[in-house]
Amino acid sequence: MHINLRLTTFLGIGTMICQSAVSQSAAQKPNIIYIMSDDHAYQAISAYGGILKDHAPTPNIDRIARDGIRFNRCLVTNSISGPCRAVILTGKYSHLNGFIKNEGQQPFDGSQQTFPKLLQKAGYNTAIIGKWHLISEPTGFNHWEILPGQGNYYNPDFINKDGRHREEGYVTEIITGKCIRWLDEAKKSGKPFMLMMHHKAPHREWQPGPNELTLYKNTTFPEPSTLFDDYSNRGTAEKTQDMTISKTMRIEEDLKLYKDQAKMKNTGLNRLTQEQMASWDDVYNPIIKKFYETGPEGNELIRYKYQRYLQDYLACIAAVDKSVGKVLDYLKANDLDKNTVVIYASDQGFYLGEHGWFDKRWMFEESYRTPLLIQWPGITKPGTVNNDMVSNIDIPETLLEMAGVSVPAEMQGRSMVPILKGKTPSNWRKEHYYHYYEYPGSHMVKRHYGMSTERYKLIHYYYDIDEWELYDLKADPHEMKNVYDDPSYNSVRKKLHKRLLKLMEKFRDSEALAKSFLPVK
Ligand code: CA
């Protein structure tokens, strides 16, 4: 098949000899590259194991785990894009940084303190390239070039200080090229650098790149054990959500089984040039034809949709994985690998058919946990696996401590540097606070707050219902049974309620406190 999308080329790789002042200053202050993808489930990173690891490996992302540390329990505070990004910049919970949801949200207040501003003040050259999703213009960056809103996969628009323009090519490859070119300039500046490379992929509607269009089209992936979850033993929130593969996932826009080509404009497929479209048609037209000929129904249709979903989702990730490989190779070829911390994360986790779902939002494991891999050459022992309860709210403080910058008191996380150095403090957190707000809204996941410990999860759905749930992850790792009203959990439930109240006070979540929803049961 002929591929027509223009590939971004990288100038200068391997041609620069870098024994400069940069390396010397970086010896004191490490360079930092923070790579974040959008909606990348840990279940889809082979370093994390799982049922997909042999079918869709991520060898380059895995290099960071091999050369650094893999966090198994990095929890997010509010599992949705913009809010997670705001938490990572500010180190503050959503109710304090002001960016609580995506839909109907005011622009991010860029006048508040952020870690890029503090790094910049400490002499770092800072940049963000790729997805931003916070409405306002980035602040605290020497250089920024972002996608408008969610951005497009094909021939995307970018916004920078000069305005908006369109570029031809595939978004993941274009972002990678921009980052490499920026690094090429940054290394000459004599300053340490901090780059945030933020991919759009693998966000819905999971449109693969020209080099991965055919990658998994003949692959059959294993199914998660909860694909046909009926939500029995759980409450109203689980039964009334709108995020199932069965009902919510669209045959045309999501799975690209178009009957009506006019719908292509809803997902940006109309941005393809005629030539690019011909290549796309070569791959998808036979799939579309076969689908409407065979017409699967019922559970067979759910199974079919799951496979089509994963084929495209994982193909998007394959391009992200190549991007990570290019950055790692660039650092090595330019003698920057020893002085550069590389972090790989997603904004939050994602469902790959677990509970019959796609999307995120919930405090259940797949969306509550985000992948986090960090290599810090000479400091973090290669191949470390960590099970401490860390959080995305810890990222800014960690990066500040790495750079020797003092942390403002208003930040609410905790630096992971001691863990990265191999020694978890004895008073490291044993519980984690969560609050999700986007309801009513897309996917209709009811507002909830809650807290988790290593073993338990206490969740309260408030707003238009008043229902509590309690999960025992030891007895029920897939979170299929709410035991809140089970008398054998009476004392656990009471203790968790008290701890939840303390967390609300600690993190100054006055809205949740004011609800006074904590029942005495
Ligand atoms: Ca996301």
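Conventions adopted
- Residues numbered from 1 in each chain as written.
- Predicted model: local features only at pLDDT ≥ 70, side-chain atom pairs only at ≥ 80, totals over all residues.
- Heavy atoms only, no water.
- Donors = N, O, S within 2.8 Å, 3.2 Å for Na, K, Ca; no water.
- Helix = DSSP H or I, 4+ residues; strand = E, 2+ residues; numbered from the N terminus.
- Buried < 20%, exposed > 50% of the residue type's maximum accessible area, 1.4 Å probe, protein only.
- Core = buried A, V, L, I, M, F, W, Y, C linked by side-chain atoms within 4.5 Å.
- Contact = heavy atoms within 4.5 Å.
- Phe/Tyr/Trp six-rings, centres within 6.5 Å; stacked < 30°, edge-to-face > 60°.
- Lys NZ or Arg CZ within 6 Å of the ring centre and 35° of its normal.
- Pairing = 2+ DSSP bridges.
- Salt bridge = Lys/Arg side-chain N within 4 Å of Asp/Glu carboxyl O.
- Axes fitted to C-alpha atoms, helices over the stretch in contact; angles between N-to-C directions.

1. Re the coordination of the calcium ion
Coordination sphere of the calcium ion, protein contribution only: Asp38 (OD), Asp39 (OD), Asp347 (OD), Asp347 (OD) and Gln348 (OE1), at 2.1 to 2.8 Å. Read N to C, the donor residues that coordinate the calcium ion are spaced as D-D-x307-D-Q. Taken together, the positions of Asp39 in the loop between strand E1 (31-37) and helix H2 (59-67) and Asp347 in the loop between strand E9 (340-346) and helix H10 (365-368) put the pair 308 residues apart, joining distant regions of the chain. The exposure classification of Asp39 matches that of Asp347, with both residues buried.

2. Structural notes on the nonpolar core
Ranked by internal contacts, the top residues of the largest apolar core, which has 76 residues, are Trp280, Tyr309, Tyr313, Leu314, Tyr344 and Leu352. Of all elements in the fold, only E1, H2, strand E4 (125-130), helix H6 (171-186), strand E8 (193-198), helix H8 (274-294), helix H9 (298-333) and E9 reach the threshold of two or more residues within this core. The element that contributes the greatest number of residues to this core is H9, accounting for 17 residues. Those residues in contact with Leu314 that lie beyond four places of it in its chain are Ala44, Leu52, Ala56, Tyr216 and Phe221. Formed by 42 residues, the second largest nonpolar core is a distinct cluster that contains Tyr34, Leu119, Ile419 and Trp428.

3. Looking at the packing of aromatic side chains
Using the criterion set out here, one finds 31 aromatic pairs in the structure. Consider the rings of Trp280 and Tyr284, whose centres lie 4.1 Å apart with planes at 15°: the pair is stacked. One end of the pair, Trp280, and the other, Tyr284, are both in helix H8, four residues apart, so they sit about a helical turn from each other. Each of the two residues, Trp280 as well as Tyr284, counts as buried. Among the aromatic residues, ring-to-ring pairing joins Tyr231, Tyr351, Trp357, Trp362, Phe364, Tyr461 and Tyr471 into one connected group. Just above the ring of Tyr48 sits the side chain of Arg70; from NZ or CZ to the centre is 5.5 Å.

4. Quick look at the environment of Phe350
Mapped onto the fold, Phe350 is located in the loop between E9 and H10. Between the C-alpha atoms of Phe350 and Ser79, which are 271 residues apart in sequence, the distance is 9.1 Å. Filtering out sequence-adjacent residues up to four positions away, Phe350 remains in contact with Asp39, Ala41, Gln43, Trp206, Tyr309, Tyr313, Phe358, Asp359, Lys360, Glu366 and Ser367.

5. Notes on unusual backbone geometry
The omega torsion across Ala201 and Pro202 is -5°, close enough to zero to call that bond cis. With respect to the helices and strands, the residue Pro202 is situated in the loop between E8 and helix H7 (236-240). Between Arg204 and the following residue, Glu205, the backbone shows a cis peptide bond with an omega angle of 15°. In this fold, Glu205 is placed in the loop between E8 and H7. The backbone phi angle of Asp335 is positive, close to 60°, even though this residue is not glycine.

6. What to know about the pairing of E4
Buried residues dominate E4, accounting for six of its six residues. When E4 meets E8, the two strands line up parallel, connected through six bridges. Bridged to Ile129 within E8 is Met197. Here four bridges tie E4 to strand E5 (residues 143-146), and the two strands are oriented parallel to one another.

7. Some remarks on the side chain of Asp476
Mapped onto the elements, Asp476 comes out in the loop between strand E16 (467-472) and helix H13 (490-506). Excluding anything up to four places from it in sequence, Asp476 contacts Tyr471 and Lys481.

8. Re the pairing of strand E10 (residues 372-375)
Burial of the side chains of E10 extends over both faces: Leu372 and Ile374 are buried on one face and Leu373 and Gln375 on the other. Where strand E2 (residues 69-71) lies against E10, three bridges are found, and the strand directions are antiparallel. Directly across from Phe71, in E10, lies its bridge partner Leu372. Taken together, the four bridges between E9 and E10 define a ladder with antiparallel strand orientation. Across the sheet, Ile343 pairs through a bridge with Ile374, a residue of E10.

9. Regarding the pattern of salt bridges
A full pass over the atoms with the stated rule returns 37 salt bridges. The salt bridge involving Lys263 is made with Glu252; its shortest N-O contact spans 2.7 Å. Of the two residues, Lys263 sits in the loop between H7 and H8 while Glu252 sits in the loop between H7 and H8, which places them 11 residues apart along the sequence. For Lys263, a relative accessible area of 28% translates into the label partly exposed. Across the pair Glu479 and Lys457 runs a salt bridge whose closest N-O atoms are separated by 2.6 Å. With a gap of 22 residues between them, Glu479 in the loop between E16 and H13 and Lys457 in strand E15 (residues 456-461) connect regions that are remote in the sequence. Grouping residues by exposure puts Glu479 and Lys457 together as buried. Linked by salt bridges that have partners in common, Asp39, Asp359, Lys360, Arg361 and Glu438 make up one network.

10. Some points on the sheet that holds E16
Strand order across the open sheet formed by four strands is E13-E14-E15-E16, with antiparallel pairing between neighbours. The open sheet terminates on both sides in strands that have one partner only, identified here as strand E13 (431-436) and E16. Taken pair by pair, the neighbouring strands of this sheet meet at an average axis angle of 15°, ignoring direction. Where E15 lies against E16, six bridges are found, and the strand directions are antiparallel. Within E16, the position partnered with His460 by the bridge is Trp468. Packing of H13 onto the sheet brings it into contact with E13, strand E14 (448-453), E15 and E16, and relative to E14 it is tilted by some 115°.

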